[in-house]
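Chain and residue survey
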Amino acid sequence: MTRNRDTSLRAVGWAQSFPVSRGVRAGRQWTREHLDSLPWTKDAPDTVDSVLLAVSELITNAHVHAHSEAQVVLTWDSHCLHVSVHDSDPVQPVQRSEDLSMTGGRGMAIIDALADSWTTHPQRSGKTVSACFLPPGATTPQHGETVN
């Protein structure tokens, strides 16, 4: 008896730590390499750019505000690309009010503008900020729904 197997990709993930001395550039390059393995990225350059900018911002926040290495986890679950960055500072990020005279402090506003959704998870060893990026054509979750 022959069984039909569904061989479509269900979930895949990658993890890497980026010490302060290594910088955000390495994080962007590492992320780009892994994004290239996802089938939708070649047709979604704007989404790829958004993911890369979000990774840069989240690693920068870990280095600058938490004075911590950034542990980056990318997870594609066939619905959403989850970008999670952990640092050792337990203080949760906040979106600051827009002050055009400041040269920094816009990281979470950028994440909010780029990602389809984002959240923070307090942990014993700090916090993790996770952002979800849906590929083009995917339906955006309604308020209160979660993307698996």
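Reading guide: rules and limits
Residues numbered from 1 in each chain as written. Predicted model: local features only at pLDDT ≥ 70, side-chain atom pairs only at ≥ 80, totals over all residues. Heavy atoms only, no water. Phe/Tyr/Trp six-rings, centres within 6.5 Å; stacked < 30°, edge-to-face > 60°. Helix = DSSP H or I, 4+ residues; strand = E, 2+ residues; numbered from the N terminus. Buried < 20%, exposed > 50% of the residue type's maximum accessible area, 1.4 Å probe, protein only. Core = buried A, V, L, I, M, F, W, Y, C linked by side-chain atoms within 4.5 Å. Polar contact = N/O pair within 3.5 Å; in protein donor to acceptor, adjacent residues only side chain to side chain. Contact = heavy atoms within 4.5 Å. Arc of directions from axis to C-beta.

**Quick notes on the packing of aromatic side chains**
Applying the stated criterion across every chain, the model contains 2 aromatic pairs. Ring geometry for Trp40 versus Trp76: centroids 5.6 Å apart, planes at 50 degrees, classification tilted. Taken together, the positions of Trp40 in the loop between helix 1 (23-35) and helix 2 (45-64) and Trp76 in strand 2 (residues 70-76) put the pair 36 residues apart, joining distant regions of the chain. Since its relative accessible area comes to 6%, Trp76 is described here as buried.

**Observations regarding the nonpolar core**
With 29 residues, the main nonpolar core has Leu81, Val83 and Phe133 as its most contacted residues. For this core, the secondary structure elements donating two or more residues are strand 1 (12-18), helix 1, helix 2, strand 2, strand 3 (81-87), helix 3 (107-114) and strand 5 (126-133). Top element by residues in this core is helix 2. It accounts for 8 residues.

**Observations regarding the side chain of Thr128**
Here Thr128 is to be found in strand 5. The class for Thr128 is buried, based on a relative accessible area of 10%. A polar side-chain atom of Thr128 sits 3.0 Å from a polar atom in the side chain of His86. For Thr128, the contacting residues outside a window of four places in its chain are Ser84, Val85, His86, Thr119, Thr120, His121 and Gln123.

**Quick look at helix 3**
Among all positions of helix 3, only Gly107, Met108 and Ile111 are buried. Each buried residue of helix 3 lies within a common arc of 95 degrees when the element is viewed along its axis, so the set occupies one face. Structurally, helix 3 contributes buried residues whose contacts are with helix 2, strand 4 (117-123) and strand 5.

Coordinates in, geometry out; function isn't part of it.
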